[in-house]
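Descriptive structure summary
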Amino acid sequence: MGCPTGSWAVMKEVWSMLRDILAYEFLRNALGAGILASLLAGLTGLILVEKKMIMMSGGIAHASYGGVGLGYLLGFPPLLGAFGFSITAALASGFIRRRGGTGGELVIGLFWSLGMALGIFFVALIPGYPPNLSGYLFGNILAAGPMDLLLLLGLFLLTGALFAAFWQAWKAYLFDEEFSRIRGLPVVILESLLLILISLAVVALIRIVGIILAQALLLAPAATARLWLKSLRSRIAGSMAVALASTLGGLALSYYLDLPSGALIVLVAVTLFALSYGLRGLWTRRQERKVL
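Not measured: the values here are computed from a predicted model. (Residues numbered from 1 in each chain as written. Predicted model: local features only at pLDDT ≥ 70, side-chain atom pairs only at ≥ 80, totals over all residues. Heavy atoms only, no water.)

1. Looking at the overall build of the protein
- A tally of regular secondary structure across the protein gives 13 helices and zero strands.
- Mapped in sequence order, the helices and strands of the protein form the string α-α-α-α-α-α-α-α-α-α-α-α-α.
- For 292 residues, the compact-globule estimate of 2.2 N^0.38 gives 19 Å, and the C-alpha radius of gyration of the protein, at 21 Å, lies within 12% of that figure.
- Taken over 292 residues, the protein has a buried fraction of 47%.
- Of the contacts made within the protein by residues no fewer than 6 positions apart, 74% connect residues no fewer than 24 positions apart.
- A total of about 14800 Å² of accessible surface is found on the protein, and carbon and sulfur atoms cover 71% of it. (Helix = DSSP H or I, 4+ residues; strand = E, 2+ residues; numbered from the N terminus. Rg over C-alpha atoms; globule rule 2.2 N^0.38 Å. Buried < 20%, exposed > 50% of the residue type's maximum accessible area, 1.4 Å probe, protein only. Contact = heavy atoms within 4.5 Å. Areas by Shrake-Rupley, 256 points an atom, 1.4 Å probe, with all protein chains shown as cover.)

Structure follows, in structure tokens:
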């Protein structure tokens, strides 16, 4: 028996998409950037969720906008400015957080607003026609080039190597910071390094999904993996797998529907979380009824 008409049409569409990817360099770059960004987002996003730094990712992303605007104003690469602003905001928030109290969350909120305000202010100072910064706000994966691929690959390898080299120390710090301090682990160094890695990852993801959507891509896959998996290793692997599925699904929908890829990637990621949350609730209630 032959393939049903519907299945044959789907296969033709998939083949057409794969043929376009192989034929055009910008599509190959977009696919490579999506895969690398997914791996990086899955790894760093899991760390954010485990350490309950949910606000931190949003604050870092929005603070980086000030660096983008400053880069355009002074004529240096905007991503360098974004890295500088995001790392400064993250380390300052971490310092105040270690001092105790609720000051850390307050500073994150202030950096969130200040970064956006400074970005708008710096761009307004540029003489002549201002640059279009919508790509930094909403992302444009189709504009990814070889340098973006190298940046994402380098950050993923660096983050993975640091976690592999100091796995036990990281695991202890992520699950019980106070116990780690009692054991004599360099908690301040670990936290500072963690904040720097998160800052670098957030800024790298801006090129893919933009400042506004980066937080969702970091958190949704990690939250989905956390619903089903117990160990830290399995959660990291699961988070990267969900992020990869979200990115590939979003890119495919973008190709077929001719809609913005960054928004669709995030919509797929959030949809996967919502479905997992519902299924997990049903499974938990079913197990409870079995016990009763």
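2. Some points on the packing of helix α11 (residues 211-228) against helix α12 (residues 232-257)
- One way to put it is that α11 packs onto α12 with a least axis distance of 8 Å and a crossing angle of 125 degrees. Put simply, α11 runs oblique to α12. Every pair of crossing elements has a handedness; the one defined by α11 and α12 is right-handed. Touching Leu217, Pro221, Ala222, Thr224, Ala225 and Arg226 of α11 are Arg235, Gly238, Ser239, Val242, Ala243 and Thr247, all from α12.
- Along the lines of polarity and charge, the residues of the contact of α11 with α12 split into six nonpolar, four polar and two charged. (Axes fitted to C-alpha atoms, helices over the stretch in contact; angles between N-to-C directions. Parallel < 35°, antiparallel > 145°, perpendicular 65-115°, else oblique. Left-handed = near helix turned anticlockwise from the far one by under 90°. Nonpolar A, V, L, I, M, F, W, Y, C, P; charged D, E, K, R; others polar.)

3. A word on the pattern of salt bridges
- Enumeration according to the criterion identifies five salt bridges in this entry.
- Here Arg226 makes a salt bridge to Glu50, at a shortest N to O gap of 3.4 Å. Taken together, the residues span a long stretch of sequence, with Arg226 in helix α11 and Glu50 in helix α2 (residues 25-50) at a distance of 176 residues.
- A residue is classified by how much of its surface remains accessible, and Glu50, at 7% relative accessible area, is buried.
- Where Glu50 meets Arg235, a salt bridge forms, and the shortest distance between an N and an O atom there is 2.8 Å. (Salt bridge = Lys/Arg side-chain N within 4 Å of Asp/Glu carboxyl O.)

4. Things to note about unusual backbone geometry
- Located in the positive-phi region is Lys52, a residue other than glycine, with phi close to 55 degrees.
- By the element assignment, Lys52 lies in the loop between α2 and α3 (54-74).

5. Let's talk about a nonpolar patch on the surface
- Side chains of Trp228, Leu279, Leu282 and Trp283 sit close together on the surface and give an oily, nonpolar patch of about 430 Å² of accessible area.
- Residue contributions to the nonpolar patch peak at three residues, all from helix α13 (residues 261-291).
- Among the structural elements, Trp283 can be located in helix α13.
- We classify Trp283 as partly exposed; its relative accessible area is 42%. (Patch = residues over 30% accessible without salt bridge, like charges linked within 9 Å, V, L, I, M, F, W, Y side chains within 5 Å.)

6. Topic: the side chain of Ser86
- Assignment of secondary structure puts Ser86 in helix α4 (residues 78-98).
- Residue class for Ser86 comes out buried when judged on its relative accessible area of 0%.
- Polar side-chain contacts of Ser86 include one of 3.0 Å to the backbone oxygen of Phe83.
- Contact partners of Ser86, with chain neighbours within four places excluded, come to Ile60, Ser64, Ser199 and Val203. (Polar contact = N/O pair within 3.5 Å; in protein donor to acceptor, adjacent residues only side chain to side chain.)

7. Some remarks on helix α7 (residues 146-165)
- Helix length check: α7 (20 residues) gives 28 Å between terminal C-alpha atoms against 28 Å at 1.5 Å per residue, within 8%.
- Taken together, the buried positions of α7 are Asp148, Leu149, Leu152, Leu155, Phe156, Thr159, Leu162 and Phe163.
- Packing partners of the buried residues in α7 comprise α2, α8 (167-175), α10 (187-209) and α12. (Expected span 1.5 Å × (residues − 1).)

8. Regarding the nonpolar core
- By size, the foremost hydrophobic cluster in this structure holds 68 residues, and its most contacted members are Met53, Leu152, Tyr173 and Val209.
- At 15 residues, α10 tops the list of elements feeding residues into this core.
- Not counting chain neighbours up to four residues away, the residues in contact with Met53 comprise Leu48, Arg97, Tyr173, Leu194, Leu195 and Ile198. (Core = buried A, V, L, I, M, F, W, Y, C linked by side-chain atoms within 4.5 Å.)

9. Description of α10
- Taking 1.5 Å per residue, 23 residues should reach 33 Å; α10 reaches 32 Å between its end C-alpha atoms and fits that length.
- With 18 of 23 residues buried, α10 lies mostly within the body of the structure.
- Positive backbone phi, at 90 degrees, marks Gly210, one or two positions downstream of α10.

10. Side note on the environment of Arg235
- Inspection of the secondary structure puts Arg235 in helix α12.
- We classify Arg235 as buried; its relative accessible area is 11%.
- Apart from residues lying up to four places away in sequence, Arg235 is in contact with Leu46, Glu50, Ala225, Arg226, Leu229 and Lys230.

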